[in-house]
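# Architecture at a glance
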Amino acid sequence: MSQETAYANKSIFTPFNIIASIIIIAGLIVTVLRFTKGLGTVTNLDNNNPWGIWIGFDLLCGVALAAGGYVTSAACYIFGLKRYHSAVRPAILTAFLGYALVVLALHYDVGRPWRLPYPVFISQGTTSLLFEVGLCVFLYLSVLFIEYSPAALEWLGLKKIRNLIVRLTLVLTIFGVILSTLHQSSLGALFMIAPSKLHPLWYSNYLTVYFFISSMFSGLSMVIFEGSLAHRYFHNKMDETHLKESKDVALGFGKAASFIMMGYVGVKLIGISIDNNWHYLTTGWGAWYLLELIGFAAIPSFMYAIAVREKNLRLVRWAALISVIGVVLNRFNVSLVAFNWQLTSAERYFPSWSEIVISLFVVTIGLVVYRFIVTRMPILHEHPDYQHDN
Amino acid sequence: MGISRRQFLGWLGAAAGTSAVLGEKTEAASNKVFKGYPGSFGVLHDTTRCIGCRKCEEACNRVNELPLPKIPFEDLAVLNTKRRTQSDAYTVVNRFINNGNMQPVFVKSQCNHCLEPACASACFVKALKKVSTGAVVYDSSLCVGCRYCMIACPFNIPAYEYNNPLTPRVMKCTMCHPLIEKGLLPGCVEACPKEALTFGPREKLLKEAWQRIEKYSDRYLDHIYGEHEMGGTGWVYLSGRPFADIGMRDDLGIQPASSYTSGPLAAVPVVVGLWPVLLTGIYAISKRKDKISEEERIEAVSRTKANANEEMKAKLAALKDTMTKEKEAAINLEVKRALEDAAKKIKAEQPESAKDESVNISGEEK
């Protein structure tokens, strides 16, 4: 009831709504341009740089940052850490929205979007890592949809089918982890076919391992980061269990992230040693690489460790933010910055305004849909009818 | 949520099915060596013979029915800037002038028709294929337009119709595959006035190239570019200058592109096979741990309860004992008192009555 009065009192022209609608209108304009004039008009892509931020950000970062879904559900249902149960639904929702938006963004990037099902149904190019990515993303999006659906079904009051789906939880979770392992790592492996184009510091036989491990702490950090945002904006939607568990979730996930990031830094160093790439560290590329590895992986890992020891929630959240930026930086480096590093600066790519607009547009749609769902469906709280289930 | 045997077998079946479906990948990732289709064709480009007349570009444009460029092919001023293949230019000639060196070198670039093409390996809908004539051909009816082939190509050859909003194609040299099938020469080879281009079976071209190197060892470097680069290419090159100086990368290695991705592809069956078992195992272990700890909890509680019961019983028994004793004592006392009272009464009322009577009266009194 307090909600309703809040709605009644609030004007529709909140800062969020105004900014969101401006971005969405701009996005729609670029959408029209994209599908009438082509990629040449709206992007800075060219024959040497066929992939821009729609792949580097929307696809690579989108998938990595949506990893919270598999990480959280695995922690809760497979590893039996039931005290994180209240974190599962928000994580699954953001993962589902994340993947859905990845697919939406791909519609802009590929030439003939209506053929996106071709690799799965028409002609299977099984030697391609992109095939593996495509198949896994397709299957995982379906899995996430099913995993998310109980919340919608509870909201709609469809008890029978909801109970049926809840019974599939474990199978879906295991399936989700398998699919995530495969495509998170394969997104890195996409670039392994071009050792002549990717800078040796980023190119490695461990690229798959780097991408997979970083997806884990990326997912954990995103859950913490989103949690802090959700606390600020949707506090009234959270029930007692959620509020009680949320600190435990942040500290527990922070601890896990700290360990995983240490491992990540270690594996990266092993990768440099195996290819004997130490001498590159003294170059400008090396400085950039060290900024990514130390500034955005080792340091947040330490921050997490200290924050967890001191039970400092603020520091955990800062560490999460830096880790998230670190993952974005890593994906940008692999796909854009260190890719085609040997081309002259005139031949290099920098995104156009329209490309950035579409990327913002996609993120904004995500936020709007997220808000629509959490203000209506049992995501941050349990539905009273199903409180002692699952 | 326990796992029945039937459920477990079901999952195992699903896992096996997935492995069977994806089985092709493991094979693709194996260490087989492919040296190209036997008798497949290629072209030998002798850069020492090329004069940069752009006749090949013109022929290519005509044969492939590409749009005419704004600057005519006769205008050699375009050679002043470095060019790459475009969606409307499958082949381009570049001029390389090395400071102080006597003559410029002209190099024609186009699709090299790799023996194991990176683009075909990268294509997730098999729109690009290596065919037995040696050509790498493209099927636009399958292409989704993801441009991964362009990422994969080590020679930066495939181009994309960026200005086509709805039906963009990937454009590249086809080695004039339709002409070859008719027994004709590729357009560029046919047009070359200096025989800088030689068409033929790749094996023969390599022999020919080595002969030229041996015959004119001062004219040529002791290397045929494309014999081994990226696992071998259909087009092979001769040069008198280091290939790195004439815009051709000499750091590509001799492995085909597919060898770089075979590792990650081989990991697929491992994950698909291992993960379900491992994760179900972890689930079962954590579930069992929970169950055991729950059982232990229940046992501990019942043990404490039982102990408490016994203690309580003993206490109760002791209490009962004292209670009964006290009660008996109280009753005895009461009886005694009553008897005494009765005796006193009788004494007062009938002092002379007999002992037998007094007993009777005391019995009736209550």
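Presented here is an overview of the structure given in this document.

### Quick word on the overall build of chain B
In terms of helices and strands, chain B carries 9 helices and 9 strands. Taken across its 366 residues, chain B has 40% of its residues classed as buried. In the form shown here, chain B has an accessible surface area of approximately 21,200 Å², with 57% of it arising from carbon and sulfur atoms.

### A short note on the side chain of Asn112 of chain B
Residue and element names in this part refer to chain B. Assignment of secondary structure puts Asn112 in the loop between strand E3 (105-109) and helix H3 (118-122). Residue classification places Asn112 among the buried residues on the basis of a relative accessible area of 5%. In this structure, Asn112 is in contact with Phe155, Thr233, Gly234, Trp235 and Tyr237, ignoring residues within four places of it in sequence.

### Side note on a nonpolar patch on the surface
Residue and element names in this part refer to chain A. Side chains of Ile12, Phe13, Ile18, Ile19 and Ile22 sit close together on the surface and give an oily, nonpolar patch of about 560 Å² of accessible area. Counting through the fold element by element, Ile18 comes out in helix H2 (residues 15-37). The exposure class of Ile18 is partly exposed, given its relative accessible area of 38%.

### Quick word on the interface of chain A and chain B
The interface is formed by 61 residues belonging to chain A together with 62 residues belonging to chain B. Of the roughly 5,400 Å² buried at the junction of chain A and chain B (both faces included), carbon and sulfur atoms supply 63%. It is Asn47, Arg112 and Ile193 of chain A in chain A that bury the most area against chain B; as a group they hold 15% of the surface buried on that side. At the junction of chain A and chain B, the tally comes to 1 salt bridge. The shortest N-O distance in the salt bridge between Asp109 of chain A and Arg147 of chain B comes to 2.9 Å. On the surface where chain A and chain B come into contact, there are 34 residue pairs in polar contact (both at pLDDT 80 or more). Within the residue set of the side of chain A that touches chain B, elements represented by two or more residues are H2, helix H3 (39-42), helix H5 (68-78), helix H7 (118-121), helix H8 (129-156) and helix H10 (169-189) of chain A. Looking at the side of chain A that touches chain B, its residues break down into 33 nonpolar, 19 polar and 9 charged.

### Here's the deal with the side chain of Ser239 of chain B
Residue and element names in this part refer to chain B. For Ser239, the position within the fold is in the loop between strand E9 (235-238) and helix H8 (257-349). A distance of 2.7 Å separates a polar side-chain atom of Ser239 from the backbone oxygen of Arg241. Filtering out sequence-adjacent residues up to four positions away, Ser239 remains in contact with Thr47, Thr48, Arg219, Tyr220, Leu221 and Ile246.

### A closer look at the sheet that holds strand E8 (residues 197-201) of chain B
Residue and element names in this part refer to chain B. In spatial order, the strands read E8-E1-E9; together these 3 strands make up an open sheet with mixed pairing. On the outer flanks of this sheet lie E8 and E9, each paired with one strand and no other. Averaged over all pairs of adjacent strands, the angle between strand axes in this sheet comes to 25 degrees, irrespective of strand direction. Across 4 bridges, strand E1 (residues 41-46) lies against E9 in parallel orientation.

### Description of unusual backbone geometry
Residues and elements named next belong to chain B. In this model, Glu65 sits at a positive phi of 50 degrees, which is unusual for a non-glycine residue. Checked against the element boundaries, Glu65 lands in the loop between helix H2 (55-63) and strand E2 (92-96). On the accessibility criterion, Glu65 (73% relative accessible area) is exposed. Phi angles above zero are rare outside glycine, and Lys126 is one such case at about 55 degrees. Looking at where Lys126 falls in the secondary structure, it is placed in the loop between H3 and strand E4 (128-130). Note on Lys126: relative accessible area 37%, which makes it partly exposed.

### Quick notes on the packing of aromatic side chains
All names here are of chain A. Taken as a whole, this structure holds 24 aromatic pairs over all chains when the rule is applied. Between the aromatic rings of Tyr70 and Phe212, the centroid separation amounts to 6.4 Å while the plane-to-plane angle is 15 degrees, which identifies the pairing as stacked. Linking Tyr70 in helix H5 with Phe212 in helix H11 (residues 207-233), this pair joins segments that are 142 residues apart in sequence. According to the relative accessible area criterion, Tyr70 is buried, its value standing at 6%. Judged by centre distance (6.0 Å) and plane angle (65 degrees), the ring pair of Phe234 and Tyr370 falls under edge-to-face.

### Considerations on the packing of H5 of chain A against H10 of chain A
All names here are of chain A. The interhelical angle for the contact between H5 and H10, taken along N-to-C directions, is 140 degrees, at an axis separation of 9 Å. Overall, the two elements H5 and H10 adopt an arrangement that is oblique. Every pair of crossing elements has a handedness; the one defined by H5 and H10 is left-handed. Touching Tyr70, Ser73, Ala74, Tyr77 and Ile78 of H5 are Thr169, Leu170, Thr173, Ile174, Gly176, Val177, Ser180 and Gln184, all from H10. Of the residues contributing to the contact of H5 with H10, the split by class is 7 nonpolar, 6 polar and no charged.

Calculation rules
- Residues numbered from 1 in each chain as written.
- Chains lettered and ligands numbered in written order.
- Predicted model: local features only at pLDDT ≥ 70, side-chain atom pairs only at ≥ 80, totals over all residues.
- Heavy atoms only, no water.
- Helix = DSSP H or I, 4+ residues; strand = E, 2+ residues; numbered from the N terminus.
- Buried < 20%, exposed > 50% of the residue type's maximum accessible area, 1.4 Å probe, protein only.
- Areas by Shrake-Rupley, 256 points an atom, 1.4 Å probe, with all protein chains shown as cover.
- Contact = heavy atoms within 4.5 Å.
- Patch = residues over 30% accessible without salt bridge, like charges linked within 9 Å, V, L, I, M, F, W, Y side chains within 5 Å.
- Salt bridge = Lys/Arg side-chain N within 4 Å of Asp/Glu carboxyl O.
- Buried area = accessible area lost by both parts, 1.4 Å probe.
- Polar contact = N/O pair within 3.5 Å; in protein donor to acceptor, adjacent residues only side chain to side chain.
- Nonpolar A, V, L, I, M, F, W, Y, C, P; charged D, E, K, R; others polar.
- Pairing = 2+ DSSP bridges.
- Axes fitted to C-alpha atoms, helices over the stretch in contact; angles between N-to-C directions.
- Phe/Tyr/Trp six-rings, centres within 6.5 Å; stacked < 30°, edge-to-face > 60°.
- Parallel < 35°, antiparallel > 145°, perpendicular 65-115°, else oblique.
- Left-handed = near helix turned anticlockwise from the far one by under 90°.

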